[in-house]
Amino acid sequence: MGVPMSSTALLPLAATTAIVFSGTLVRAVSGLGFSLVAVPLLSLIWTPAQAVAIAVVFQTLSTLPIVAGDYRLLDWRLLARICAGGVVGMLPGLALLQWLPDDAMRVALAGILLLSIAVIVAGRRLVRTMTPGRLTLVGICAGLGQGMAGVAGPPLMSGLLAMPDLGPRVIRLTAATVFLILGAVSVAALGMHRSLGVMTAGEYATAGTGMLAGHLAGERLFARAGASGFRRYVLVVMVASALLTLVPLWQ
């Protein structure tokens, strides 16, 4: 279990900055994965609750460059349907965060990941059934994952990738905007519970340099990926995350 970090602990701060860099890089390239990468690694340095708080802050902030750069491409009706479901799903997700045992939580998260992978693999065969109601259901599942562990990406990306009219840039933008909205709600909730005082303002700023560097590096890789490469990135991130989520159960 991680331990609280004092303001003078430079090595943990450096490790946190590197983890934030890695999470942001994965987010910029694949459109998801910040928390999937960052939370398990941050938990080695911090307590689990502190790790989630730090991850929620930076996964929310890391969406800002993507949204600011491409906001003109947004499909507002699509976004509204998903976010409406997301807000509904967050409430039971937050309840599960408080009451579900750790092992059961891991199994539930791995199940969400594996189901999302199956939907992505099925891909275009699902597009005729991707109705507005089912898009709202995608949002509910994303909100559930966000509430449970700050992990909204897998169900969200599986729904977006099943829509053939959406290119990689629009998919990434839509996902980033949903993460920004749900993340802002999560940050507000954490602030109300005084859970954000994990690091000082200066330490948050230092870790933020890792976020900026990760975004710049990720943008270069995203530009080279193309549609097929983007899809592969998403699947690799989700398969790796499902395996990492279940690792503690095998020990």
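Residues numbered from 1 in each chain as written. Predicted model: local features only at pLDDT ≥ 70, side-chain atom pairs only at ≥ 80, totals over all residues. Heavy atoms only, no water.

Per an unreviewed UniProt entry, the protein chain goes by the name Probable membrane transporter protein and belongs to Cupriavidus respiraculi. UniProt, in its Sequence similarities (unreviewed entry) section for the protein chain, records the words "Belongs to the 4-toluene sulfonate uptake permease (TSUP) (TC 2.A.102) family." (UniProt positions renumbered as here; feature names shortened; annotations may be inferred.)

**Q** Just give me the short version of a nonpolar patch on the surface, but keep the residues and values in it.
**A** Nonpolar side chains collect at one region of the surface, where V88, L137 and I140 lie side by side and expose about 240 Å² of accessible area between them. As for its position among the elements, V88 is in helix α5 (residues 76–99). (Patch = residues over 30% accessible without salt bridge, like charges linked within 9 Å, V, L, I, M, F, W, Y side chains within 5 Å. Areas by Shrake-Rupley, 256 points an atom, 1.4 Å probe, with all protein chains shown as cover. Salt bridge = Lys/Arg side-chain N within 4 Å of Asp/Glu carboxyl O. Helix = DSSP H or I, 4+ residues; strand = E, 2+ residues; numbered from the N terminus.)

**Q** Give a description of the packing of aromatic side chains that names residues and reports values.
**A** Using the criterion set out here, one finds two aromatic pairs in the structure. For the ring pair F58 and Y204, a centre distance of 6.0 Å and an interplane angle of 40° mean the geometry is tilted. Here the residue F58 occupies a position in helix α3 (residues 48–61), and Y204 occupies one in helix α10 (residues 201–250), the gap between them amounting to 146 residues. Stacked on the ring of F222, the Lys or Arg R172 has its end atom at 3.9 Å from the ring centre. (Phe/Tyr/Trp six-rings, centres within 6.5 Å; stacked < 30°, edge-to-face > 60°. Lys NZ or Arg CZ within 6 Å of the ring centre and 35° of its normal.)

**Q** I'd love a proper account of helix α1 (residues 10–30), names of residues and values included.
**A** The end-to-end C-alpha distance of α1, which contains 21 residues, comes to 30 Å, matching closely the 30 Å that a straight helix rising 1.5 Å per residue would cover. For α1, every residue scored as buried is listed here: L13, T16, T17, I19, V20, G23, T24, R27, A28, V29 and S30. Residue G31 follows α1 closely and has a positive phi angle near 90°. (Expected span 1.5 Å × (residues − 1). Buried < 20%, exposed > 50% of the residue type's maximum accessible area, 1.4 Å probe, protein only.)

**Q** Give a description of the pattern of salt bridges that names residues and reports values.
**A** This structure, assessed with the given rule, holds two salt bridges. Between D70 and R169 there is a salt bridge, and its shortest N-O distance comes to 3.0 Å. Taken together, the residues span a long stretch of sequence, with D70 in helix α4 (residues 64–70) and R169 in helix α9 (residues 168–192) at a distance of 99 residues. Overall, D70 belongs to the buried group, its relative accessible area being 14%. R169 sits in the partly exposed class, given a relative accessible area of 32%.

**Q** Which residues make up the UniProt feature "transmembrane region" (unreviewed entry) in the protein chain, and what values do they have?
**A** On the UniProt side, "transmembrane region" (unreviewed entry) is annotated at positions that read residues 44–66, 78–99, 105–123, 135–157, 169–190 and 230–250 here. Split by type, residues 169–190 is 100% helix and 0% strand. Its first and last C-alpha atoms lie 30 Å apart.

**Q** Please set out the nonpolar core residue by residue, giving values where relevant.
**A** L156, L160 and V234 are the most contacted members of the largest nonpolar core, which totals 34 residues. Of all elements in the fold, only α5, α6 (102–122), α7 (132–149), α8 (153–161), α9 and α10 reach the threshold of two or more residues within this core. No other element matches α9, which puts seven residues into this core. What V234 contacts, discounting residues up to four positions off in sequence, is S30, L32, I120, M157 and L161. (Core = buried A, V, L, I, M, F, W, Y, C linked by side-chain atoms within 4.5 Å. Contact = heavy atoms within 4.5 Å.)

**Q** Outline the side chain of S62, listing residues and values.
**A** Turning to its location among the elements, S62 is positioned in the loop between α3 and α4. For S62, a relative accessible area of 2% gives the class buried. What S62 contacts, discounting residues up to four positions off in sequence, is T24, R27, F34 and M211.

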